Amino acid sequence: MNVDVTPLPGIGTRQDFSTREGRRIGVIAHRDGHFELIVSKVDDPDTCTASVPLSAEEAGALANLLGAPMLVAQLAEQQSDIQGVTTKQFPLAPGSPYDGRTLGDTAMRTRTAASLVAVVRSGTVHASPRPDFTFAGGDLLVVVGTAKGLAAAADLLEHG
Amino acid sequence: MEHTAVSLIELGAVFFGLGMLGKLAWKVGISPIPLYLIGGLVFGSGGLLPLDGIDEFAQLSSEIGVILLLLLLGLEYSADELFTGLRRSWTAGLVDLVLNGLPGAACALILGWGPVGALAMAGVTYISSSGIIAKVLGELGRLGNRETPVVLSVLVFEDLVMAVYLPILTAVLAGATLIGGLTAVGVSLVVITIVLVIALRFGRIVSAIVDSPDPEVFLLRVLGAALLVAGVAAQLQVSAAVGAFLLGIAISGSTAENATRMLEPLRDLFAALFFVVFGLNTDPSTIPPVLVAAVLLAVVTTLTKVVTGWWAAARQGIGRMGRARAGAALVARGEFSIVIAGLAVAAGAVAHELAALATAYVLLMAIIGPLTARFVEPLATALRRRQPA
């Protein structure tokens, strides 16, 4: 994938690429920290049919939506040659037992034999989180394990 | 006490009136600058509201307005961006300079204002309004367009040209001879090089001097530094505006961003007063005689900016519609044209009609600019349908 990075003096940076269909799609990172999602027009690729302003939080949410399946697919592919092991993603609901607590608190590996390999938060992937990693509501937890282990992990995350 | 009360009422009325005008302007999609100028013209001619009590304050405020306009222009681009901009767009920048400076200079010479008037008018017609253009591009959702970096790099180049042009203009206005003028050019080039090198190498130190985590301290330091540098520059006959501009370039990184965010409202306030005072000092009765010249100049320099943008965008391999958009985006002139005219008139070295011509010209261009940017696409489509290519 060839992403073009274009400085916009006085405004920020534009990063975009062409999709298979030939549409230009990308993001403008404004200096003041907000983002803009841009999608080019079909008949005039120089101009944009949409430019949607996004706050840092909204951009993170969008990245989460788009990025999580990709990450899970990648991990699943890596584990696919091992029999009986699968990868699953669990959203951590705000206010759930481990919202605001650490990975160590869950003792997930000892209790379920499944292991947490990554946490997706606001579009960023925190790979191999350490035991002192603190969860927050809205995190997406990527867990690897056997079917039984994953069920136990789901139960653990939901009920403590 | 009564005097203060009257002054407060007058000032309040002026600000409130400007606020109404500003709202009206953006509602119909034009820049508020022409309306501020008209506001000044109306107040000044002994018309609705004679501003006796506050003219001293207004005069000083308008000076501060110019300093803030130039300081924020300098803050807008980092030294890095200026250098890359210069490397990438110097050909387009030169085309821009020649095509848009010449009509102003020619007009001044035809009207018999001599070489000094020509130099000033060249600046008035050359410099696009980066404020109006950035706002219009943002509003029209064109920041993601392919031609937008081309437009911005032309603006960056204009910014650099201002750094050289303003000291020269100041020197020439102060009545320097040809040799004196050349010395001024040399000195200003050396000073600008030094400032740019300092900004590139030691920008952090300059930033650290004014920076502070406390917003109040930061605001006072930046504003204080700007006024100090501007004042010293004015004492050295380099023009207060240039000093503030160079300080703006020297401040970099996150300090520059914070300073911009903090000073923007202040600039809007004082710049509005600057436009009003410029209008106040322009006798409305001098405008009708120069109106024909202003209209002709507006037509010619609208076309020359469109050609500039078209040419610059074509060099970057952008399609016909994109080229038209780039050209139309560059048309707006505004605050800096008035700054240049203000410098020229304040020095008293040019014909008084220059203020009238600059006022009429900016009135036209600040209205025409956003409108051409907005309506270039339907217009181009209509033209293309008429004569199928």
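Residues numbered from 1 in each chain as written. Chains lettered and ligands numbered in written order. Predicted model: local features only at pLDDT ≥ 70, side-chain atom pairs only at ≥ 80, totals over all residues. Heavy atoms only, no water.

**Focus: the overall build of chain B**
Scanning chain B from N- to C-terminus turns up 15 helices and zero strands. Taking 2.2 N^0.38 as the reference for a compact globule, 389 residues should give roughly 21 Å; the C-alpha atoms of chain B span a radius of gyration of 20 Å, in line with that estimate. For chain B, the C-alpha atoms occupy an extent of roughly 70 × 50 × 45 Å along the three principal directions. Here chain B holds 389 residues, and 52% of them are scored as buried. Within the structure as shown, chain B displays about 17100 Å² of accessible surface, and the carbon and sulfur contribution to it stands at 70%. Here chain B holds 22 positive side-chain charges and 24 negative ones, and the gap between their average locations is 18 Å. (Helix = DSSP H or I, 4+ residues; strand = E, 2+ residues; numbered from the N terminus. Rg over C-alpha atoms; globule rule 2.2 N^0.38 Å. Buried < 20%, exposed > 50% of the residue type's maximum accessible area, 1.4 Å probe, protein only. Areas by Shrake-Rupley, 256 points an atom, 1.4 Å probe, with all protein chains shown as cover. Lys, Arg positive; Asp, Glu negative; His and termini not counted. Charge placed at Lys NZ, Arg CZ, Asp CG, Glu CD.)

**Thoughts on the confidence of the model for chain A**
For chain A, the mean per-residue pLDDT works out to 84, and 94% of the residues sit at or above 70. When the elements of chain A are averaged for pLDDT, helix α1 (residues 56–79) of chain A gives the smallest value, 76, and strand β4 (residues 35–40) of chain A the largest, 91. (pLDDT = per-residue confidence, 0-100.)

**A few points about the sheet that holds strand β6 (residues 86–91) of chain A**
All names here are of chain A. Ordered in space as β6-β9-β7-β8, the four strands form an open sheet in which the pairing is antiparallel. For this open sheet the edge positions go to β6 and β8 (124–127), each flanked by a neighbour on one side alone. On average, each strand axis in the sheet is tilted by 25° relative to the strand beside it, whichever way the strands run. (Pairing = 2+ DSSP bridges. Axes fitted to C-alpha atoms, helices over the stretch in contact; angles between N-to-C directions.)

**With respect to unusual backbone geometry**
Residue and element names in this part refer to chain A. A positive phi is found at A107, a non-glycine position, where the angle reads about 50°. Within the secondary structure, A107 sits in the loop between α2 (103–106) and α3 (108–112). A107 sits in the partly exposed class, given a relative accessible area of 29%. The phi dihedral of S128 is positive, around 40°, even though this residue is not glycine. Here S128 shows up in the loop between β8 and β9 (140–145). Here S128 falls in the exposed class, since its relative accessible area comes to 58%.

**Describing the interface of chain A and chain B**
On the chain B side, the residues contacting the 19 residues of chain A number 22 residues. Surface buried jointly by chain A and chain B totals about 1700 Å² across both partners, of which 51% is contributed by carbon and sulfur atoms. The interface formed by chain A and chain B contains two salt bridges. In this structure, the salt-bridge partner of D46 of chain A is R146 of chain B, at a minimum N-O distance of 3.1 Å. At the surface where chain A touches chain B, the tally comes to eight residue pairs in polar contact (both at pLDDT 80 or more). Mapped by element, the contributors of at least two residues to the side of chain A that touches chain B are β1 (4–8), β3 (24–30), β4 and β5 (48–54) of chain A. (Contact = heavy atoms within 4.5 Å. Buried area = accessible area lost by both parts, 1.4 Å probe. Salt bridge = Lys/Arg side-chain N within 4 Å of Asp/Glu carboxyl O. Polar contact = N/O pair within 3.5 Å; in protein donor to acceptor, adjacent residues only side chain to side chain.)

**What to know about helix α15 (residues 353–386) of chain B**
Here α15 of chain B is 34 residues long, yet its end C-alpha atoms lie only 42 Å apart, well below the 50 Å a rise of 1.5 Å per residue gives. The sharpest bend along α15 of chain B comes to roughly 55°, located at V376 of chain B, with the proline P378 of chain B sitting one to four residues further on. (Expected span 1.5 Å × (residues − 1). Bend = angle between axes of the 7 residues up to and from the residue.)

**Observations concerning the pairing of β9 of chain A**
Residue and element names in this part refer to chain A. Burial analysis of β9 places six of its six residues in the buried class, the great majority of the element. Here β9 shows no split at all, with L140, V142 and V144 on one side and L141, V143 and G145 on the other all buried. Direction of pairing for β6 relative to β9: antiparallel, over a ladder of six bridges. Looking at β9, one finds that F90 is bridged to L141. Inspection of the sheet shows strand β7 (residues 115–121) paired to β9 by five bridges, in the antiparallel sense. Opposite L116, over in β9, you have V143 as the bridge partner.

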